[in-house]
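Residue strings, one per chain:
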Amino acid sequence: MQLLNGKQTAETLKAQIAEQVDELRARGGKIPHLAAVLVGSDGASETYVNNKVLACERVGFKSTLIRLDSDVSEDALLAEINKLNQNADIDGFIVQLPLPEHINETRVTLAIDPAKDVDGFCPANVGRLCLGLPTFVSATPNGIMELLRHHNIETEGKHCVVIGRSNIVGTPMSLLMSRNTNPGNSTVTLVHSRTKDMAAICRSADILIVAIGKAEFVGADMVKDGAVVIDVGITRLPDANTKSGYRLAGDVDFAAVKDKCSWITPVPGGVGPMTIVSLLQNTLKAQTLRQQF
Ligand SMILES: Nc1nc(=O)c2c([nH]1)NC[C@@H]1CN(c3ccc(C(=O)N[C@@H](CCC(=O)O)C(=O)O)cc3)C=[N+]21
Ligand SMILES: [Mg+2]
């Protein structure tokens, strides 16, 4: 078994981005500027947004964090988004999900200028992805593609099973893996909560991508010998033996599965850091991509 080390890969890619920013600065180009909107103070969201801001500093981007109270009105949030849409210095921004119950996530997503939608969540960008046009590919699927590319994992003609059909991971992931690209060119099966005999389908996967949001859901009975296993899940499980009071678990039972795999991502240190690098890559290309919209 070999680890698909997202943390290390992310460091390598961040060093490359930092070099590109240095070149930009040297020729007087505009320094990329990413903004993030965080509503409320959920512990996990704080961590992720914090990691995004730190990553911006690491590569020399400008970053702006806009914090809003958890009881902010939808109209006030939409007004903030409109300001970011209009602000010429901001190249891209994200609104961290999930949002509080009283806010309609769809309405918020639709308010973001597609040319600044570095999450790739807007209809225009999802549509462009479907058609294979230049776009902001959403960060987690793009990070997984980068991880496969970086490790020269063979995907052509392989059976790739994606567990989960969310708009931000499962659905775009299944599209990307089926594309005529490298990585890509896989035969893709997307399975979900209504799938019959999910374990048997998963056992036939050469590449298993798990994004179901249930801690340690995938056990040894769902993994073929020699499979590549990508674990998107990240859940905080209560654990009295840690200082924080919790431990991080993936959607895969890592201890049970690892010896069957040819490659497997750890949690933490797998997909999470790659998600953040993708966001940086999207922000870096925002200025050139905008002209193709
Ligand atoms: N608008 C929006 N865009 C997102 O891209 C988005 C989002 N909302 N909401 C939540 C999910 C999740 N997500 C992660 C980002 C970083 C880590 C990450 O840094 N993970 C570290 C550990 C983090 C920790 O210590 O908890 C790791 O896996 O090694 C994880 C998950 C982005 N998401
Ligand atoms: Mg809601």
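Predicted, not measured: the structure shown is a model, and the values here were computed from it. (Residues numbered from 1 in each chain as written. Chains lettered and ligands numbered in written order. Predicted model: local features only at pLDDT ≥ 70, side-chain atom pairs only at ≥ 80, totals over all residues.)

### Some details on the site of ligand 1
- Near ligand 1 there are 18 residues, and of these Tyr48, Asn51, Leu97, Pro268 and Gly272 occur at the shortest range.
- Listed by contribution, the elements that provide at least two residues to the shell around ligand 1 are helix H2 (43–59), strand E4 (92–95) and helix H10 (271–290).
- For the shell around ligand 1, the leading source of residues is H10, giving 4 residues.
- Partitioned by chemical class, the residues of the shell around ligand 1 number 11 nonpolar, 6 polar and 1 charged. (Near = placed C-beta within 6 Å. Helix = DSSP H or I, 4+ residues; strand = E, 2+ residues; numbered from the N terminus. Nonpolar A, V, L, I, M, F, W, Y, C, P; charged D, E, K, R; others polar.)

### As for unusual backbone geometry
- Cis peptide bonds are those with omega within 30 degrees of zero, and the linkage from asparagine 182 to proline 183 qualifies with 0°.
- Take proline 183: it is sitting in the loop between helix H7 (170–178) and strand E6 (187–191).
- Here the bond from valine 267 into proline 268 is cis, since omega is 0°, no more than 30 degrees from zero.
- Topologically, proline 268 is positioned in the loop between strand E11 (261–264) and H10.
- Backbone geometry at asparagine 185 places phi at a positive 55°, although glycine is not the residue there.
- If you trace the backbone, asparagine 185 turns up in the loop between H7 and E6.

### Considering the nonpolar core
- In terms of nonpolar packing, the biggest core is built from 76 residues, with Leu208, Ile209, Val210 and Val229 touching the most fellow members.
- The dominant element in this core, judged by the number of residues it contributes, is H10, at 8 residues.
- Two domains each donate at least three residues to this core, and these are domain 1 (27–113) and domain 2 (139–272).
- Discounting chain neighbours no more than four positions away, the residues touching leucine 208 are Val161, Cys202, Val223, Ala227 and Val229. (Core = buried A, V, L, I, M, F, W, Y, C linked by C-beta atoms within 7 Å. Buried ≥ 20, exposed ≤ 12 C-beta atoms within 10 Å, placed from the backbone. Domains from an automatic or database assignment. Contact = placed C-beta atoms within 7 Å.)

### What about the sheet that holds E4?
- Judged by pairing direction, the sheet is parallel, and its 3 strands sit side by side in the order E3-E2-E4 without closing on themselves. Looking at the sheet topology across the chains shown, the edges are occupied by strand E3 (62–68) and E4. Between one strand axis and the next, the sheet turns through 15° on average, direction left out of account.
- One ladder, built from 4 bridges, connects strand E2 (residues 33–39) with E4; its direction is parallel. In the strand pairing of E4, alanine 36 is matched with isoleucine 94. (Pairing = 2+ DSSP bridges. Axes fitted to C-alpha atoms, helices over the stretch in contact; angles between N-to-C directions.)

### Regarding the confidence of the model for the protein
- Residues with a pLDDT of 70 or more make up 100% of the protein, whose mean pLDDT is 97.
- Model confidence for the complex is summarised by a pTM of 0.97, with the ipTM given as 0.96. (pLDDT = per-residue confidence, 0-100.)

### Some points on H10
- The end-to-end C-alpha separation of H10 is 27 Å, in line with the 28 Å expected for 20 residues at 1.5 Å each.
- Taking the largest bend as the criterion, H10 deviates by roughly 40°, centred on leucine 284.
- Within H10, 15 of the 20 residues are buried, which leaves it mostly tucked inside the rest of the structure. (Expected span 1.5 Å × (residues − 1). Bend = angle between axes of the 7 residues up to and from the residue.)

### Describing the environment of threonine 181
- Of note, threonine 181 is situated in the loop between H7 and E6.
- Exposure remark for threonine 181: the 14 C-beta atoms within 10 Å place this residue in the partly exposed category.
- Put simply, threonine 181 and threonine 242 are 61 residues apart on the chain and 43 Å apart in space, counted from C-alpha to C-alpha.

### Overview of the sheet that holds E11
- Taken in spatial order, the 6 strands of this open sheet run E1-E11-E8-E7-E5-E6, and their pairing is parallel. In this open sheet, the two strands that pair with only one neighbour each are strand E1 (2–3) and E6.
- Strand direction decides the pairing type here: strand E5 (residues 159–163) and strand E7 (residues 207–210), joined by 4 bridges, are parallel. In the sheet register, valine 161 faces E7, and the bridge partner there is leucine 208.
- Helix-sheet contacts for H7 involve E5, E6 and E7, and the interaxial angle to E6 is about 165°.

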